[in-house]
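Spelled out, the chains give:
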Amino acid sequence: MSAFSNFLLTLLLFVTLFPTPRLCYINPATTRAQQNTTETSAYRTYIVLVDPPRSTAGEDDHRRWHESFLLGSCAGESGKLRLLHSYTQVFSGFAARLIVAELDAVAKKPGFVRSFPERTLKLMTTHTPEFLGLKNGTGFWSNVGYGKGVIVELLDTGIYAAHPSFHDHDVPPPPSWWKGSCKMVGCNNKLIGAKSLVGGEDCDDTAGHGTHTSSIVAWNFVPGASYHGIGTGTAAGIAPRAHIAMYKVCKNTGCDDSAILAGLDAAIKDGVDILSLSLGFSKGVRFDQDPIAIGAFSAISKGILVVCAAGNGGPTSGFLGNDAPWLLTVAAGSVDRSFRAEEGKPSSKSYPLIFSEKFRYCEYDEDSVIAGKIIVCENMPEKNQYYKIPQLMLAGVVLFNNEINGYTIDLLDYNSRVVQVTEADGAIHTYYVSSSASNSVAAITYNNTLLGIRPSPVVASLSSRGPSTIDAGVLKPDILALNILAAWPREMGSTSEPYNIISGTSMATPHVSGVAALIKSTHPTWSPAAIKSAILTTTDIVDSTGGPILDHLYRKASAYDTGSGHVNPTRAADPGLVYDLSITDYAGYICWLLVVTMAWQPSCTTQA
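Parameters at a glance
In this numbering scheme, every chain counts its residues from 1 along its sequence in written order. Selection of residues for local features in this predicted model requires a pLDDT of at least 70, selection of side-chain atom pairs for listing and counting requires 80 or more, and totals for whole chains, interfaces and linings are taken over all residues. Here the side-chain values reflect all heavy atoms present in the structure, with hydrogen atoms and water set aside. Numbering of helices and strands starts at the N terminus; helices are DSSP runs of H or I of at least 4 residues and strands are runs of E of at least 2. Only protein chains enter the calculation, and the probe is 1.4 Å; a residue is then buried if its accessible area is under 20% of its type maximum, exposed if over 50%, and partly exposed in between. The Shrake-Rupley method, run with a 1.4 Å probe sphere, supplies the accessible areas, and residue values consider only the shown protein chains as cover. Here a helix's expected span is defined as the number of its residues, less one, multiplied by 1.5 Å. As used here, the arc belongs to the directions running from the helix axis to the C-beta atoms. Two strands form a pair only when DSSP identifies at least two bridges running between them. Per-residue confidence from the predictor is given as pLDDT, running between 0 and 100. Note on contacts: a residue pair qualifies if any of its non-hydrogen atoms lie within 4.5 Å across the two residues. The term salt bridge refers to a pairing of a side-chain nitrogen on Lys or Arg with a carboxyl oxygen on Asp or Glu at a separation within 4 Å. To obtain an axis, a line is fitted to C-alpha atoms, over the contacting stretch when the element is a helix, and the angle between two such axes runs from 0 to 180 degrees between their N-to-C directions. Note on disulfides: each one is a pair of cysteine sulfur atoms within 2.5 Å. As used in this record, nonpolar core signifies buried Ala, Val, Leu, Ile, Met, Phe, Trp, Tyr and Cys residues forming a set joined through side-chain atoms within 4.5 Å. Each helix crossing is assigned a hand: it is left-handed if the near helix lies turned anticlockwise from the far helix by less than a right angle, otherwise right-handed if that turn is clockwise. Residues are grouped as follows: nonpolar covers Ala, Val, Leu, Ile, Met, Phe, Trp, Tyr, Cys and Pro; charged covers Asp, Glu, Lys and Arg; every other residue, Gly included, is treated as polar.

Regarding the overall build of the protein
Turning to step 1, where the next piece is worked out: What the protein contains, in helices and strands, is 18 helices and 25 strands.
Turning to step 2, where the next piece is worked out: A buried classification covers 56% of the 608 residues belonging to the protein.
Turning to step 3, where the next piece is worked out: Accessible surface computed for the protein: about 24,300 Å², of which carbon and sulfur atoms make up 54%.

In structure tokens:
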């Protein structure tokens, strides 16, 4: 990047992060008030922004500079013990555990700029490539080399390196610009980077989420993949020859700001091409308070495309995260595949079928009432059904959607006794049970996979909708992608299967990251904005029936549901025309946003 562009990046980060001009006195009491801290003696993690040291300073010099803010400010401990992360690429700053009095002391030191408290972000939780027009050995997928030479980094819960999806057959060594390292057993030319930025934890995936998302991006070809016999086929990621780097920034309970920023910082240093983040806030956060927006801006300035989940806050409008315009924000839709369990009057083994308004949400107290029966109840995740249902002594469960979810089903791994159906099918079941009194019986037959389901795609009910609450003038989400079957740690949960089927914008996001990798492989000199433009201007705006894409209630979906449309990799690789954006364009936008939308007033007391 030129010196002029570096200057603009510094200026933009300054304007975005600091609501007062640089040569102004920052009142520590005011800074503390911004933290919304109620307990003055409780330790918590703060992210602290400071002036950078001299321009020739190395990594060790930066760390010592950051530690100097803590020396003498932290009673009874050295600054080294409190410093969690030192940031040099996303901005100049650090993360540290402090009480409010210590933060006040840090804020009084020369070079301090601003601080904000750490928050915890949420995780946004075989046939898919063919649905996207990608077929092994033929056409576009083969012509672009399956994403060879591109490095995709994921910030997630870690990875199960021993999974067969991550073998490196036909994957070349990483490119010469790769500077990262792999700190776990099982790394190869496919999995070239792994590190944990979560204190006290290794890179292993104990949640399953990181293994799932990374395999969707770039798992290598694996024949015979299935989940309990359904979804059988040759599994592959969207860019099966691309390289993967997994930086663990999340625990099972969520993802802390400080670790995410450390992951973004490391990605810039290590030389990745694409960043994939299936995590975020459940609603838009001001860009100056959003670590993903801040860190991603620095990544974009270094030529790294950042792909993020829109969130699982649907179908209510406005519950959308990751809405900064330099991010590629992904919504979730369905694929043309259905995993069927045929249920009806049996010719062999049958079970009583029961439904009770009193226990509409499966809240049965005694197993004796329902043991050996198939029960019908409404899907209500907040009732903790996911944990309770597998413990009941049942022959089966028919779990039907509530009115909000309509025709889209958010798949969960209950176990093989549970069938999930739409709201309309639920109404048929409850009517049958009510009208048949004590004579209603049923049997369930599993392991039936149907392809070519129409209409598809359909916007998932869980997928977060726009408009952005930060700036409704920027259309978000950007694009629609899919939920899918993908890799899973074999030792986890209720299944010993190496694959799992789960739903969420977490699963849609790596599909688009994989498409971006294919385009980057084909057009290695394209900027992040050019790749984003290619993807957004070549989407499908109709479904498999030729009609408009529908929402979860089978109504015409709006642009706040789908963004520009459903991703189409083949067309995106040859868009004909791309619209590029530079750092200066984003700088102008943010200055306008701060002055006009946020009513920013550049006034303060000048330091004497």
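Concerning helix α13 (residues 423-436)
Turning to step 1, where the next piece is worked out: With 14 residues, α13 extends 20 Å between its outermost C-alpha atoms, agreeing within 8% with the 20 Å of an ideal straight helix rising 1.5 Å per residue.
Turning to step 2, where the next piece is worked out: When α13 is considered as a whole, its buried residues turn out to be G426, H429, T430, V433 and S436. Taken down its axis, α13 places every buried residue within 145° of arc, on the same side. Exposed residues lying more than 90 degrees from the buried face of α13 are I428, Y431 and S434.

Concerning the pairing of strand β13 (residues 274-277)
Turning to step 1, where the next piece is worked out: Residues I274 and S276 point to one face of β13 and L275 and L277 to the other, with burial holding for every one of them.
Turning to step 2, where the next piece is worked out: Looking at chain direction, strand β6 (residues 151-156) and β13 are connected through 4 bridges and run parallel. When the sheet's bridge partners are listed, V152 is paired in β13 with I274.
Turning to step 3, where the next piece is worked out: Sheet topology places β13 next to strand β15 (residues 305-309); 4 bridges connect them, and they run parallel. Along β15, the bridge assignment pairs L275 with V306.

Considering the confidence of the model for the protein
Turning to step 1, where the next piece is worked out: In this model, the protein carries a mean pLDDT of 77, and residues with pLDDT of at least 70 account for 71%.
Turning to step 2, where the next piece is worked out: Of all helices and strands in the protein, the one with the weakest mean pLDDT is helix α2 (residues 28-33) (32), whereas helix α15 (residues 528-536) scores best (96).
Turning to step 3, where the next piece is worked out: Overall, residues 485-490 carries pLDDT values under 50, and its contacts beyond four positions in sequence, including any with other chains, amount to 49 contacts.
Turning to step 4, where the next piece is worked out: The low-confidence segment residues 600-608 (pLDDT under 50) makes 15 contacts with residues lying over four places distant or belonging to another chain.

Thoughts on the pattern of salt bridges
Turning to step 1, where the next piece is worked out: If you walk through the whole model with that rule in mind, you get 16 salt bridges.
Turning to step 2, where the next piece is worked out: For D270, the salt bridge is made with K195, and the minimal N-O distance between the two is 3.5 Å. In this pair, D270 is assigned in helix α9 (residues 257-270) and K195 in strand β7 (residues 191-196), connecting sequence segments 75 residues apart. Accessibility assignment for this pair places D270 and K195 in one class, buried.
Turning to step 3, where the next piece is worked out: A salt bridge links D265 to K269; the shortest N-O distance between them is 3.3 Å. Taken together, the residues span about one helical turn, with D265 and K269 both in helix α9 at a distance of 4 residues.
Turning to step 4, where the next piece is worked out: Where salt bridges share partners, they join E59, D265 and K269 into one cluster.

Some points on the sheet that holds strand β3 (residues 93-98)
Turning to step 1, where the next piece is worked out: Read from one edge to the other, the open sheet built from 4 strands follows the order β2-β3-β1-β4, with strand pairing classed as antiparallel. For this open sheet the edge positions go to β2 (83-87) and β4 (112-117), each flanked by a neighbour on one side alone. Within this sheet the neighbouring strands show an average axis-to-axis angle of 25°, counted without direction.
Turning to step 2, where the next piece is worked out: Bridging between strand β1 (residues 44-50) and β3 involves 6 bridges; their strand directions are antiparallel. Bridging across to β3, R44 finds its partner in L98.
Turning to step 3, where the next piece is worked out: Against the sheet, helix α3 (residues 59-68) engages β1, β2 and β3, with an angle of about 130° to β2.

Description of the environment of G158
Turning to step 1, where the next piece is worked out: Note on placement: G158 falls in the loop between β6 and β7.
Turning to step 2, where the next piece is worked out: Apart from residues lying up to four places away in sequence, G158 is in contact with C203, D204, D205, G210, T211, M246 and K248.

Things to note about the sheet that holds strand β5 (residues 120-123)
Turning to step 1, where the next piece is worked out: With antiparallel pairing, 4 strands are arranged side by side in an open sheet as β11-β12-β5-β14. Two strands close off the open sheet at either side, each with one partner strand: β11 (250-251) and β14 (279-280).

Considerations on the state of the cysteines
Turning to step 1, where the next piece is worked out: Taken as a whole and judged by the stated rule, the model has 3 disulfides.
Turning to step 2, where the next piece is worked out: Residue pairing for C250: its cysteine sulfur links by disulfide to C255, the two sulfurs lying 2.0 Å apart. Judged by the torsion about the S-S bond (100°), the C250/C255 disulfide is right-handed.
Turning to step 3, where the next piece is worked out: Note on C255: relative accessible area 0%, which makes it buried.
Turning to step 4, where the next piece is worked out: There is a disulfide in this structure between C362 and C377, and the S-S distance comes to 1.7 Å. With C362 in the loop between β18 (351-354) and α11 (367-370) and C377 in strand β19 (residues 374-378), this residue pair connects regions lying 15 residues apart in the sequence.

Some remarks on the nonpolar core
Turning to step 1, where the next piece is worked out: Grouped together as the largest cluster of nonpolar side chains are 57 residues, with contacts concentrated most on I260, L275, L277, L279, V306 and W326.
Turning to step 2, where the next piece is worked out: In terms of residue count, α9 provides more of this core than any other element does, 8 residues in total.
Turning to step 3, where the next piece is worked out: Beyond its immediate chain neighbours, meaning those up to four positions away, W326 contacts F287, A293, A296, F297, I300, K532, Y586 and I590.

Observations concerning the pairing of strand β21 (residues 418-421)
Turning to step 1, where the next piece is worked out: Covered by surrounding structure in β21 are V418 and Q420 together with V419 and V421, the residues of both alternating faces.
Turning to step 2, where the next piece is worked out: Note: strand β20 (residues 396-400) against β21, 4 bridges, orientation parallel. Within β21, the position partnered with V397 by the bridge is V418.

Some thoughts on the packing of helix α8 (residues 209-218) against helix α14 (residues 505-522)
Turning to step 1, where the next piece is worked out: Following both chains from N to C, one finds α8 and α14 inclined at 30°, their axes separated by 7 Å at the closest point. Helix-helix and strand crossings are classified by hand; for α8 and α14 the assignment is right-handed. Residues H209, H212, T213, I216 and V217 of α8 touch α14, and the partners they reach there are S506, M507, P510, H511, S513 and G514.
Turning to step 2, where the next piece is worked out: Taken together, the residues of the contact of α8 with α14 sort by class into 4 nonpolar, 7 polar and no charged.

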